[in-house]
Amino acid sequence: MQKLGKNLGSYFGETIDIRAVLRDVEAAAQQHGWHLEIFCEAGEFKNFALHRSPLVTRHSSRIYISTGIHGDEPAGPLAALRLLQENNWPPGAEIFFLPCLNPVGFTLNKRENAEGIDLNRDYRNPQAAETRAHIAWLERQPNFDLHLCLHEDWESHGFYLYEQNPDSKPSLAEKMIAAVKEVCPIDLSENIEGRAAKNGIVRPNISPQERPDWPEAFYLITQKSRQGYTLEAPSDFPLATRVNALIAGVNSALAR
Ligand SMILES: [Zn+2]
């Protein structure tokens, strides 16, 4: 599979009708019995969180999944929609699902929100209303066993992921990469976004305390969870391939 060669300087691929996608997300969530909570109003949109209780309480685990924080990364909300429609969750999984953290961004096909704030750099000293409301919602939730943040990278040569695993728990990274490899090329660069990488896995060795502009994942790893993955689908490949990549990564992480 070849890169499309469309992304010269930023994302120039397909866009989505986020209003239609979110309508379908709500319909799928309602059909499958998710609880929906609106936590923020942003422009014409109501940002919402979905919650699903575990079907069995033995060996249950709390999983947090979010996407759509960058409005020029359409694969995330589409993957969220399909995961909800497929409804193929492990019976013990309690899931907290944020299917689109920046809907306004998608109407602009921009990474940032309407005020030009990159929400995924706003989690240390939050300025944006969306981030503040999201953090307030997070503070009301229990801790998670695992968090998954779904993204795209317009420059990458294939799929890759970041692992946060400060307690050295059994890693899910290799099996996620193996699952994604079936549906999407993996970025095998030894350096991705300025960090050492191996077989599509970046294990950043940074202390959140040293960085002023926290992404969502830094907030999660310091406040809510002790293991997490940021999945990066390659935006210069067909949209369907990127969606399949994110879904394969999520399903692999959940199949424990
Ligand atoms: Zn992103």
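In what follows, the structure referred to is the one given above.
Described in the following lines is the structure provided in the data block. (Residues numbered from 1 in each chain as written. Predicted model: local features only at pLDDT ≥ 70, side-chain atom pairs only at ≥ 80, totals over all residues. Heavy atoms only, no water.)

**A short note on the nonpolar core**
Filter applied, for reference: Buried Ala, Val, Leu, Ile, Met, Phe, Trp, Tyr and Cys residues form a nonpolar core when they are joined through side-chain atoms within 4.5 Å. When accessible area is computed with a 1.4 Å probe and restricted to protein chains, residues below 20% of their type maximum are described as buried, those above 50% as exposed, and intermediate ones as partly exposed. Only runs of H or I of at least four residues qualify as helices and only runs of E of at least two qualify as strands under DSSP, and these elements are numbered from the N terminus. Should any heavy atoms of two residues lie within 4.5 Å, those residues are counted as being in contact.
By size, the foremost hydrophobic cluster in this structure holds 52 residues, and its most contacted members are Ile65, Ile95, Phe97, Leu148, Phe159, Tyr229 and Leu231. The element that contributes the greatest number of residues to this core is helix 7 (residues 239-254), accounting for 9 residues. If sequence neighbours within four positions are ignored, Ile65 has contacts with Trp89, Ile95, Phe96, Phe97, Leu98, Leu148, Leu150 and Val250. Listed in part, the 21 residues of the second largest apolar core include Ile69, Phe144, Trp214 and Tyr219.

**Examining helix 5 (residues 173-181)**
Rules: Directions pointing from the helix axis toward each C-beta atom define the arc.
Buried within helix 5 are the following residues: Ala173, Met176, Ile177 and Val180. Viewed end-on, helix 5 has its buried residues packed into an arc of 100 degrees, placing them on one side of the element. In this structure, the buried residues of helix 5 make contact with strand 5 (146-153), strand 6 (160-164), strand 9 (201-202), strand 10 (228-234) and helix 7.

**Re the coordination of the zinc ion**
Where we set the bar: Water is not part of the atom set, so a site may look incomplete; the donors themselves are N, O and S atoms within 2.8 Å of the metal, or 3.2 Å for Na, K and Ca.
Surrounding the zinc ion are the protein donor atoms His70 (ND1), Glu73 (OE), Glu73 (OE) and His151 (ND1), which sit 2.1 to 2.4 Å from the metal. Positions of the donor residues of the zinc ion, expressed as sequence spacing, correspond to H-x2-E-x77-H. Accessibility classification places His70 together with Glu73 in one group, the buried group.

**Focus: the pairing of strand 10**
Worth spelling out the cut-off: A pair of strands counts as paired when DSSP detects no fewer than two bridges linking them.
Of all the 7 residues making up strand 10, 7 are buried; the element is thus mostly covered by neighbouring parts of the structure. Side chains Gly228, Thr230, Glu232 and Pro234 of strand 10 all project onto a buried face; the interleaved residues Tyr229, Leu231 and Ala233 project onto the opposite face, where all are buried too. Looking at chain direction, strand 5 and strand 10 are connected through 7 bridges and run parallel. By the bridge assignment for strand 10, Cys149 is matched with Thr230. Here strand 6 runs beside strand 10; their pairing, made up of 5 bridges, is antiparallel. When the sheet's bridge partners are listed, Glu163 is paired in strand 10 with Tyr229.

Geometry only, nothing functional implied.
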